[in-house]
Amino acid sequence: MRRLFDRVFKGSDEMYAKAAADLDAAIAKFGADHAMQFPDTAYNCAIILEYTGIAVKTLADLKKALDGPIKDMMTRNNRTHDVFTSGFATAMAAEVIEACKYIDNPNPYNGEYHGHMTDAEVRELGVPLVTRDIPGFVVLIGPAPSDEEARDTIKAYQSKGIFVFLIGGIIDQAKRMGISMGFKVRIVEVGPDIWAVSHVVSLVMRAAMIFGAIQPLDYWGMNTYTLERIFAFVNAYAPVDDLTVACGGGAIGLGFPVITNDVNDMWAVPKSLIIQPDTKAFIDTSLEARDIKLKVTNMDIPIAFNSAFEGEIIRKADMRLEIDGSRTDCFELVKMRDARDVEDHKITLIGKDFDACEPGKKMQYGIIAEVAGKGMQSDFEPVIERKFHNWINCLEGVMHTGQRNLIRIRVSNAAYDAGFRARHMGEMLYAKIKSDYDTVIDKCQITIITDPAECTRLKNELAMPAYDARDVRLANLTDEAADVFYTCTLCQSFSPSHVCIVTPERLGLCGAVSWLDAKATNQLNPNGPCQVVSKEGVIDEHVGIWPDVNRAVHEYSQGALDHVTLYSIIQDPMTSCGCFECICGLEPASNGVIIVNREYAGPTPIGMTFAELASMTGGGEQTPGFMGHGRHFIGSKKFMRAEGGIARIVWMPKMLKEAVADRLNKAAFELYGIENYTDMICDETIASTVDELDKMLEFLAEKGHPALGMEPMV
């Protein structure tokens, strides 16, 4: 039997030889000075960047890394440390192989495989990782013993919320079994060969850099971060070749256990390399090895429920029925009631069930959740109501968009055939409301309305007046009117020194935590991430400086921060974890700022993409002149108030400009008397690069943009 050391070292040599051959061929074809860049990332060749410190820009840089530190890390001493370093070097050699595919071709797999994952995709993982909607990652290296077992294993992991990466033959098995794959549904068909695993390792490296502010060459910092904060593991099906064994050495070095059924020339290492002959026991073995504990909410429904299904798209051809609030009277509503008026777990259907709807047609729908509890407040109604969107999307085969009366729900043929009906929607909502809000809600009853006349009546008589009353309440809910602010430290599981201060007008930078959310969270869990911050003894209300805000950020950042302002981008701006919706940065030529959203991958007039801008601001670092924030904050009268406010916004991507137009135009009219202010803001259809800066300035001058007449910010 060969020793494990020998298998790792042999696999490292094989990966290195493949990388050297591919790189030499690329240099012969393109030249050593040819550029090399993975698409949409500020951390090009992230594994090489982290473990060698070499910022790859050309093929010559790849050659320098491969001939130098990568080769040097492939040591041959019979020590555990050498297994790890050789494993990391193997992953870097694999990254060289994959990098060669992306020379002059941003999509070498032509959609057949996913390959490289962008920084935007990495950042999408921030909130679900923090909330543990994604409790962990699994890399499945196959094929599995049968197509059916591959399907069952993939779907079982997905149903538990585990993010699934597929390498090799198991991808073909998944395709044959009709499994929907893609980043949105958290099953990613990475690539056909073992070196494609470098894309997964790159994602891990970038997550640590983005959220944890881990710096290149911080060997122990990186490995400690991945062990303690990224809950990943590997399932490798027999037969496992030497290349895979070498990659496994790197995985174990990052703290990711490897579970395999291969018993030939394989040596078990407690808690690291686990031999499990029964492949059907891989899931339980893996979760136990990584100490992943799952919270299960019992609900009487015939389909799976998990956050992994939130990105599922139901196409019209796959749709059994549709609920469309833009065409018919539909609504979703949460109402607080007296406990005497609520019968717990009562689910009522008024009208016909889903099976009475003609296949592929629309039906009317309204749902009312009436709740009661000693800790319940009317302010919590919209907080719970907004969760309907997330919860309904967690149903396998059900898609939900919108809120209030402008909702759209599609139920797939597969969900319908499994037995999903209107009552099950109520069962799911009842279970989630009672489990997630158990400290404030004692009783809950659900009423589902599909009768057209009753749906219209209740929408007009009950729902719309409730929405209008909330809008009036929220319009008056300003920072000045609030008695307290709140901290939010949810993201500290990945960004240890970051603290959000959440106010009525400045929600969490992830866009997911409003002041009302923070208030509800504080009441649900008084010792949790949202703590009260008093407003006593204001130092500078215009800039946004309060002594208790400074105390809170110092305490909850473990001393990493001392001062934060709430309304300035220059003076002690709030830190960012990395999962922000947007980022704002100075544009000196116009005396203004640009704002770019995470979904926009193109260039900007300050010469940096979103990924490059974001690389400067994540990980809990204060970066004067740059600020991560939520979309909602853009239309706030407190946005950058210290520097002149929203009048400084000179450029945004068109998609973002359109998304925030109503709120931003309203605020600009109230502040400056400017109508249709967003028409004065430049976008990428006019200018998108540094070379087009003159075009942007000409556009701003033509529109009479106020920023051009303001004092320079720096």
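The structure this text deals with has already been given above.
Criteria and thresholds
Residues numbered from 1 in each chain as written. Predicted model: local features only at pLDDT ≥ 70, side-chain atom pairs only at ≥ 80, totals over all residues. Heavy atoms only, no water. Salt bridge = Lys/Arg side-chain N within 4 Å of Asp/Glu carboxyl O. Helix = DSSP H or I, 4+ residues; strand = E, 2+ residues; numbered from the N terminus. Buried < 20%, exposed > 50% of the residue type's maximum accessible area, 1.4 Å probe, protein only. Pairing = 2+ DSSP bridges. Axes fitted to C-alpha atoms, helices over the stretch in contact; angles between N-to-C directions. Contact = heavy atoms within 4.5 Å. Parallel < 35°, antiparallel > 145°, perpendicular 65-115°, else oblique. Left-handed = near helix turned anticlockwise from the far one by under 90°. Nonpolar A, V, L, I, M, F, W, Y, C, P; charged D, E, K, R; others polar. Lys, Arg positive; Asp, Glu negative; His and termini not counted. Expected span 1.5 Å × (residues − 1). Phe/Tyr/Trp six-rings, centres within 6.5 Å; stacked < 30°, edge-to-face > 60°. Lys NZ or Arg CZ within 6 Å of the ring centre and 35° of its normal.

S.K.: An account of the pattern of salt bridges is needed here, citing residue identities and associated values.
M.R.: Inspection of the entire model under this criterion finds 48 salt bridges. Put simply, K155 and E396 hold a salt bridge, and the shortest N to O gap is 2.7 Å. Of the two residues, K155 is situated in helix α7 (residues 147–159) and E396 in the loop between α13 (380–393) and β12 (398–403); the sequence distance between them amounts to 241 residues. Taking the relative accessible area as the measure of exposure, K155 reaches 27% and is therefore partly exposed. Residue E396 is classed as partly exposed on the basis of its relative accessible area of 23%. R631 is paired through a salt bridge with E599; the nearest N and O atoms lie 3.1 Å apart. Of this pair, R631 sits in the loop between β20 (626–629) and β21 (649–651) while E599 sits in the loop between β19 (592–597) and α19 (610–614), and the two are 32 residues apart along the sequence. A relative accessible area of 25% means that R631 is categorised as partly exposed. Among the charged side chains, a salt-bridge network with shared partners connects E322, D324, K362, R408 and R410.

S.K.: So what's going on with the sheet that holds strand β16 (residues 500–502)? Residues and values would help.
M.R.: Hydrogen bonding along the main chain pairs the strands of a sheet, whether they run parallel or antiparallel. Spatially, β16-β15-β17 is the arrangement adopted by the 3 strands of the open sheet, whose pairing is antiparallel. The open sheet has two edge strands, β16 and β17 (532–534), and neither has a second partner. The average undirected angle you get between the axes of adjacent strands in this sheet is 40°. Pairing of strand β15 (residues 484–488) with β17, which is carried by 3 bridges, proceeds in the antiparallel orientation. Counted as the bridge partner of V484 is S534 from β17.

S.K.: Describe unusual backbone geometry, naming the residues involved and giving the relevant values.
M.R.: Cis peptide bonds are those with omega within 30 degrees of zero, and the linkage from G142 to P143 qualifies with 20°. Residues A238 and P239 are joined by a peptide bond in cis, for which omega reads 0°. Structurally, P239 is set in the loop between β4 (232–236) and α11 (242–253). Positive phi outside glycine occurs at C45, with the angle close to 50°.

S.K.: Give a detailed account of the sheet that holds strand β7 (residues 319–324), specifying residues and quantitative values.
M.R.: Taking strand neighbours across the sheet as the criterion, the 4 strands line up as β10-β7-β13-β12 in an open arrangement whose pairing is mixed. The open sheet terminates on both sides in strands that have one partner only, identified here as β10 (361–362) and β12. Judged from the 5 bridges that link them, β7 and strand β13 (residues 406–412) form a sheet pairing that is antiparallel. What sits directly across from M319, in β13, is S412.

S.K.: Break down the environment of T118 for me, with residues and values.
M.R.: As for its position among the elements, T118 is in the loop between α4 (80–101) and α5 (119–124). C-alpha separation for the pair T118 and A668, spaced 550 residues apart in sequence, amounts to 35 Å. Leave out the neighbours within four places in its chain, and T118 touches P39, D40 and R206.

S.K.: So what's going on with the packing of helix α3 (residues 59–73) against α4? Which residues, and what values?
M.R.: When two helices pack together, their arrangement is given by the angle between their axes and by how far apart the axes lie. In contact at an axis separation of 9 Å, α3 and α4 are set at 160° when each is read in the N-to-C sense. Considered as vectors, α3 and α4 are oriented roughly antiparallel to each other. As α3 runs across α4, the sense of the crossing is left-handed. Here L62, L66, I70 and M73 of α3 come into contact with α4, specifically with T85, S86, F88, A89, M92, A93, V96 and A99. Among the residues forming the contact of α3 with α4, the class breakdown is 10 nonpolar, 2 polar and no charged.

S.K.: Tell me what's going on with the side chain of E149, and back it up with residues and numbers.
M.R.: Its location among the elements puts E149 in helix α7. No salt bridge forms around the buried E149; measuring N to O, its nearest opposite-charge neighbour K280 is 5.1 Å away. Once residues within four sequence positions are removed from consideration, E149 is found in contact with Y237, T279 and K280.

S.K.: Kindly report on the side chain of H116, identifying the contributing residues and their values.
M.R.: Tracing the backbone shows H116 in the loop between α4 and α5. In contact with H116, other than residues within four places in its own chain, are F38, P39, T41, Y102, E121, H199 and R206.

S.K.: Give me the lowdown on α13, citing residues and values where you can.
M.R.: Structural remark: α-helix, 3.6 residues per turn; residues separated by three or four positions point the same way. With 14 residues, α13 extends 21 Å between its outermost C-alpha atoms, agreeing within 8% with the 20 Å of an ideal straight helix rising 1.5 Å per residue. Along α13, the residues that are buried comprise F380, E381, P382, V383, I384, E385, F388, W391, I392 and N393.

S.K.: So what's going on with the pairing of strand β8 (residues 331–336)? Which residues, and what values?
M.R.: The buried fraction of β8 amounts to 5 of the 6 residues, a majority that puts the element mostly inside the structure. Pairing between β8 and strand β11 (residues 366–372): 6 bridges, direction parallel. Considered in β11, the bridge of M336 is made with V371.

S.K.: Quick rundown of the environment of W267? Include the residues and the values.
M.R.: Mapped onto the fold, W267 is located in the loop between β5 (258–260) and β6 (273–275). Taking the relative accessible area as the measure of exposure, W267 reaches 40% and is therefore partly exposed. Separated by 257 residues in the primary sequence, W267 and L524 place their C-alpha atoms 48 Å from one another.

S.K.: So, the packing of aromatic side chains: which residues are in play, and what are the values?
M.R.: All chains considered together, the criterion is met by 22 aromatic pairs. Arranged with centres 5.1 Å apart and planes meeting at 80°, the rings of Y219 and W220 form a pair that is edge-to-face. With a relative accessible area of 19%, Y219 lands in the buried category. Here F485 and W546 contribute two aromatic rings whose centre-to-centre distance is 5.2 Å and whose plane-to-plane angle is 90°, an arrangement assigned as edge-to-face. Separated by 61 residues along the polypeptide, F485 in strand β15 and W546 in the loop between β17 and α18 (547–556) bring together distant segments of the chain. W546 sits in the buried class, given a relative accessible area of 3%. Pairwise contacts between aromatic rings join Y51, F88, Y219 and W220 into one cluster. Lying across the ring of Y113, K175 places its NZ or CZ 4.8 Å from the centre. A cation over a ring is seen here: R320 above Y416, with NZ or CZ 3.8 Å from the ring centre.

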